[in-house]
Amino acid sequence: MPALPSNRYVDSKNTQPRNLRSAKKCARLSSIELASGLTNSLTNMLPQSLEEQYRTINTVYIHKQALKHNLKLFRTLLPHHSICPVLKSNAYGHDLVGVAEALTPENPDYFIVDSLYEAYSLRVAKIQTPILVMGYTLPINVPLRHNDFHFSVSDMDGAAALAKTGAPVHLKVETGLHRMGFTVAELRQSIGEMKKMGLNIIGVFSHLSDADNPKNNRYSKTQLDVFRSAVSLIREAGFAPRWIHIAASAGALKTDFPESNLVRLGLALYGINPYQPS
């Protein structure tokens, strides 16, 4: 198996690289939501001297000042939105904790991750920024004790589990991506039950499936119309969500949705043009 590249973080004023994570810690981060026994077994298989023995073929240099610049640029372009860094999938391969440490001084309203495992990894690293878990969390994995994570909710099983904890949630609306979430019809049937169970809805969101299409914005406009209907329905049921968001990097600069007040900055945070063919 080819060796994975190591990630080193470089300050613009100091070009001497600094290794942030050992290979052993990276191995732990890669075993997302495995059963604890299996995770422990894999960790125990690693020799204690792995950090000295393991050598990578490639090294990726990541400039912290570039990450900060990209975040500040979108804050300037969208001054009425909260720009929240997306750190899912090990921060797109840039190192989950390393990116979080670099951006914590910028005081984002959220770090957005995919899984409960990633959320706990940030807390273990003493990252105190609020965390939004955007991926699906199995109801059985929802912590029963109080915690400070915010979760996405995309079905009634998850809603019931999270309502018991009182955790703040962002309700996922299916507007055309066909991945997860409540359709408008499903919301009409279930929003009353969510109100009765005391679900703590502080956000409503969806995802544009064709926002990176530089030639045609028609499908995105259709999704925005569906999303607008869903937000109205949720408010009519008595909820007052603070956060309304549908745009990621590609949709942030090309969608007209005045109700939106948060942007999930993923690709663009890492210097990738979302409109450029891969």
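A quick note: this is a predicted structure, and the numbers were derived from the prediction, not measured. Sequence positions are assigned chain by chain, starting from 1 and proceeding in written order. Local features in this predicted model are restricted to residues whose pLDDT is 70 or higher, and side-chain atom pairs enter the listing and the counts only when it is 80 or higher, whereas totals over whole chains, interfaces and linings include all residues. The side-chain values count all of the structure's non-hydrogen atoms but skip hydrogen atoms and water molecules.

### Re the pattern of salt bridges
Definition used for salt bridges: Asp or Glu carboxyl oxygen within 4 Å of a side-chain nitrogen of Lys or Arg. Per the stated rule, a full pass over the model turns up four salt bridges. We note a salt bridge from R123 to D148, for which the minimum N-O separation is 3.1 Å. You can see R123 sitting in helix α7 (residues 116–124) and its partner D148 sitting in the loop between β6 (131–133) and β7 (150–153), a full 25 residues away along the chain. Each residue's exposure class comes from its accessible area (1.4 Å probe, protein chains only) as a fraction of the maximum for that residue type: buried when under 20%, exposed when over 50%, partly exposed otherwise. Given a relative accessible area of 39%, D148 falls into the partly exposed group. One salt bridge connects R228 with E259, and the closest N-O pair in it is separated by 3.4 Å. In this description a helix means any DSSP run of H or I spanning at least four residues, a strand means any run of E spanning at least two, and both kinds are numbered starting from the N terminus.

### A closer look at the sheet that holds β7
When DSSP locates at least two bridges between a pair of strands, those strands are taken to pair. Taken together, six strands build an open sheet; the order of strands is β5-β6-β7-β8-β9-β10 and the sheet is parallel. Looking at which strands have only one partner, the edges of the open sheet turn out to be β5 (111–113) and β10 (243–245). Each neighbouring strand pair of the sheet contributes to a mean axis angle of 20°, computed without reference to strand direction. Bridging between β7 and strand β8 (residues 169–172) involves three bridges; their strand directions are parallel. Looking across to β8, one finds that S152 is bridged to H170. Sitting on the sheet, helix α8 (residues 156–165) touches β7 and β8, and the angle it makes with β7 is about 155°. Note on geometry: axes are lines fitted to C-alpha atoms, helical ones only across the stretch in contact, with angles between N-to-C directions running from 0 to 180 degrees. Contact criterion: two residues are considered in contact whenever any of their non-hydrogen atoms come within 4.5 Å of each other.

### Re the packing of aromatic side chains
Only Phe, Tyr and Trp rings take part, Trp by its six-membered ring, and two of them pair if their centres are within 6.5 Å. Stacked means planes under 30 degrees apart, edge-to-face means over 60, and tilted covers everything else. Applying the stated criterion across every chain yields a total of five aromatic pairs. Seen from their ring centres, Y110 and W243 are 6.2 Å apart, and the 65° between their planes marks the pair as edge-to-face. One end of the pair, Y110, is in the loop between α6 (96–103) and β5; the other, W243, is in strand β10, with 133 residues separating them in the sequence. Ring pairing ties together the aromatic residues Y120, F149 and F151, which thus form one cluster. Above the face of the F239 ring, K195 is positioned so that its terminal group lies 4.6 Å from the ring centre. Placement of a positive charge over a ring is assigned whenever Lys NZ or Arg CZ falls within 6 Å of the ring centre and within 35 degrees of the normal to the ring plane.

### Remarks on the nonpolar core
Side-chain atoms within 4.5 Å are what join buried Ala, Val, Leu, Ile, Met, Phe, Trp, Tyr and Cys residues into a set we call a nonpolar core. In this structure, L87, L122, L187 and M194 are the most contacted members of the largest nonpolar core, which totals 60 residues. If you tally residues by element for this core, the top one is helix α10 (residues 218–236), at six residues. C84, L132, I202 and L262 belong to the second-largest nonpolar core, a separate cluster that totals 10 residues.

### Description of α7
Here α7 has its buried residues at L116, E118, A119, S121, L122 and R123. With its phi angle positive at about 70°, K126 sits one or two positions after the end of α7.

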